[in-house]
Amino acid sequence: MKRNLYLNVQEKETALSRFLEAFSHIQPGRERISVIHSLGRITAEAVYARYSSPSYNSCAMDGIAVISAHTKGASESHPLRLIYEKDYLDVDTGDMIMPPYDAVIMAEDLIETEDGEGYTIIAPTHPFAHVRAIGEDIVAKEMILPTGHRIRAIDISVLISAGITEIEVIKKPVVGIIPTGDEMIEYTEPLEDGKIIETNSWMFENLVTENDGIGHRYPILPDDLELIRQKLTEAVSECDMVIINAGSSAGRDDYTIHAIQELGEVYTHGVAIKPGKPVILSKIQNKPVIGLPGYPVSSYLTFTEFVLPVMNMYCRTGGFVRQQKQVTAKLSKTLMSGLKYEEYVRVKLGIVENELVASPLERGAGASMSLVRADGFCVIPQDKEGILAHENIQVKLVKDMEQIRKTLVLIGSHDLILDVINDLMMEEGRDTCLSSTHVGSMAGLIALQKKEAHMAPSHLLDEKDGSYNTAITREMFPNEKMVIIKGVRRRQGFIVKKGNPLNIQSIHDIMHGVRYINRQRGAGTRVLFDYLLKKEGISKKDISGYEYEAATHMSVAVAVQKDNADVGMGIYSCAKALDLDFIEVGFEEYDFVTYEKYLELPAVREFIHVLKGEAFKKRLDMLGGYGCEECGQICFI
Ligand SMILES: Nc1nc2c(c(=O)[nH]1)N[C@H]1C(S)=C(S)[C@@H](COP(=O)(O)OP(=O)(O)OC[C@H]3O[C@@H](n4cnc5c(N)ncnc54)[C@H](O)[C@@H]3O)O[C@H]1N2
Ligand code: MOO
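Here goes a summary of the coordinates provided. (Residues numbered from 1 in each chain as written. Chains lettered and ligands numbered in written order. Predicted model: local features only at pLDDT ≥ 70, side-chain atom pairs only at ≥ 80, totals over all residues.)

## Considering helix H4 (residues 225–238)
Here's step 1: Its 14 residues place the ends of H4 20 Å apart at the C-alpha level, agreeing with the 20 Å of an ideal helix rising 1.5 Å per residue.
Here's step 2: Listing the buried residues of H4 in full gives Ile228, Lys231, Leu232, Ala235 and Val236. Each buried residue of H4 lies within a common arc of 130° when the element is viewed along its axis, so the set occupies one face. Exposed side chains of H4 directed beyond 90 degrees from the buried face belong to Glu226, Ser237 and Glu238. (Helix = DSSP H or I, 4+ residues; strand = E, 2+ residues; numbered from the N terminus. Expected span 1.5 Å × (residues − 1). Buried ≥ 20, exposed ≤ 12 C-beta atoms within 10 Å, placed from the backbone. Arc of directions from axis to C-beta.)

Printed below as a string of structure tokens:
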């Protein structure tokens, strides 16, 4: 099969509005369902009460029902005796109050007469005192819920009390989901080299559910034109709309576009967004069929940008579209982008000194963890080559702002203990959590200078005296009161394959064609490696792979494990986690640099509390390679 070429890459808004226009005939369907099963559904029309509630004059307190006119004149100086049946009846909350009785006096306000035959009162009452009059809550024929209302638990109880047993709601559209690809396997099958666990369809199914539809997933289809054609025909006849996933781009086995062209009409193949470019917008048998690109991030974004607006046509009455909240944030790192596309970047958010700060996450279309970690998305417009650090950007929120407010923002060096600290902070249930962005020690301290983080995890060696973090903090924050919260001492060394097949014992064994994997500029581990090279008089040029960089210790370890490199520098816990060998170079100090004034922040206090706790020490033992003698101690700089 010939490769496809994108002949008609269109701007997103143009492509979407043309597509929606083609389906302007779609109207939300409706169905009648039992009220008790209507939670979360959307009303298709206004709902009116059948009964009033209460439907009779109802006693609101335990006590006596009285004829209010008979209580006139009662006072402390003139107590009034009430006679059973002539003046009152005993009643309990919820009882019906019938004429001539028209008010209730609470039991607490009654004085029993000595003969036990009645009551004395010392204050008069008025008509309908402590009586819930007919229709006080709901009046028959009154509108209880408007059109397009999402039904909640409280609504159901009100509907029932108003005598409604069935309700007209918007029908959920059935969205067919077809995953394709020869390399795909079901999650229940064992993973082999060259195979990929099919995940996108399950994400789609749940996104469809979250957005008021019913996902109908078909089994994985191989890259076979005839089978794709057959399955598309079947899905279109069974569903209201269809998503077909992967095979949308220029690969030789990318058949989706050919199958759709044969069965219907293609409006768009290719939109100017990144990730997500090869999206297909089409129609088969008058139903929308959308081809989404295979990479998880591309498929998530194109789902939200193209599938949701179409689903909205099926399941929203006017005005009900759920809008994503937008906020303005300061960008912590420059984002470059091409002029060819509008680019979507996932960000983490935090509030530092009353300002919302956005730190960009990994940008690759395959980086699905960036979606898990994201607090929001920002868009770099097509006509911009990028956004500079510290500029303001608009962010569409995917997390609750309250949660973001309680987040402690860490930018700097990476260590597995950050995840452990966050886990323990969450476990303690004190409502604070930790967001960490890994840019290396130096870049972290710069972010701290710019007030874009609360703390910078750092392990920067002072070559003069072999100490860690103090000298650089003094140098970078000469006029500020700073503190170092002591973290861990950790074993640094060379991570090599199990059994150390190249017999690497020292930095000298890393030359002569051994494939090294380095860390990014500014990372403490890179500073240490450069220091060792200098000390031993070795040139960077003699290290093959010096330019090959990874962003975290764990990425170094996995590169060695999967044979992308023979050796890299990193911490013991990462070598241990992946069952690799480790040649120790020495211990280093991994600490948290912060402003003295931040010690008062509740999240910082909680952070220190966790660092000093026994639970943290136990978790460090399990990870291995850490010393925690000074953990949580504060050094004033
Ligand atoms: N020569 C060109 N190659 C590519 C272009 C291009 O313009 N010219 N575009 C790239 C872009 S951008 C994207 S996005 C991808 C889209 O590719 P396809 O939609 O054809 O998808 P595949 O190639 O089959 O898969 C891509 C990737 O995603 C994984 N995948 C696919 N389906 C699933 C699933 N259901 N669950 C989990 N993962 C899935 C698949 O294994 C691949 O790794 O094309 C570029 N190429
Ligand atoms: O644009 Mo492709 O959608 O992932 O990177």
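Next, the rest of the story.
## Brief notes about the site of ligand 1
Here's step 1: Residues in contact with ligand 1 amount to 26 residues; listed here are only the nearest, Asn200, Ala246, Ser249, Pro293 and Gly294.
Here's step 2: Elements that contribute at least two residues to the shell around ligand 1 include exactly helix H3 (200–210) and helix H6 (296–315).
Here's step 3: Here the shell around ligand 1 is composed, by residue class, of 11 nonpolar, 11 polar and 4 charged. (Near = placed C-beta within 6 Å. Nonpolar A, V, L, I, M, F, W, Y, C, P; charged D, E, K, R; others polar.)

## So, the site of ligand 2
Here's step 1: Around ligand 2, the neighbouring residues are Lys274, Pro275, Gly276, Lys277, Pro293, Tyr295, Ser298 and Ala365.
Here's step 2: Of the residues in the shell around ligand 2, the class split is 4 nonpolar, 2 polar and 2 charged.

## Topic: the nonpolar core
Here's step 1: Among the nonpolar cores identified, the biggest contains 141 residues, and Leu232, Val242, Ile243, Ala453, Ile495 and Val560 are the most heavily contacted of them.
Here's step 2: Among the elements that take part in this core, H6 stands out by supplying 10 residues, more than any other.
Here's step 3: Dropping the residues within four chain positions of it, Val242 is found in contact with Gly176, Ile178, Leu232, Ala235, Val236, Lys287 and Val289. (Core = buried A, V, L, I, M, F, W, Y, C linked by C-beta atoms within 7 Å. Contact = placed C-beta atoms within 7 Å.)

## Overview of the environment of Leu159
Here's step 1: Tracing the backbone shows Leu159 in helix H2 (residues 153–161).
Here's step 2: Separated by 92 residues in sequence, Leu159 and Ile67 have C-alpha atoms that sit 34 Å apart.
Here's step 3: When sequence neighbours within four positions are dropped, the list of residues in contact with Leu159 reads Val35, Val47, Ile144, Ile164 and Ile167.

## Observations regarding the sheet that holds strand S4 (residues 63–66)
Here's step 1: Within the open sheet, the 3 strands sit side by side as S6-S4-S7. Their pairing is antiparallel. The open sheet has two edge strands with one neighbour each: strand S6 (88–91) and strand S7 (103–106). Neighbour-to-neighbour, the strand axes of the sheet open up by a mean angle of 30°, direction not taken into account. (Pairing = 2+ DSSP bridges. Axes fitted to C-alpha atoms, helices over the stretch in contact; angles between N-to-C directions.)

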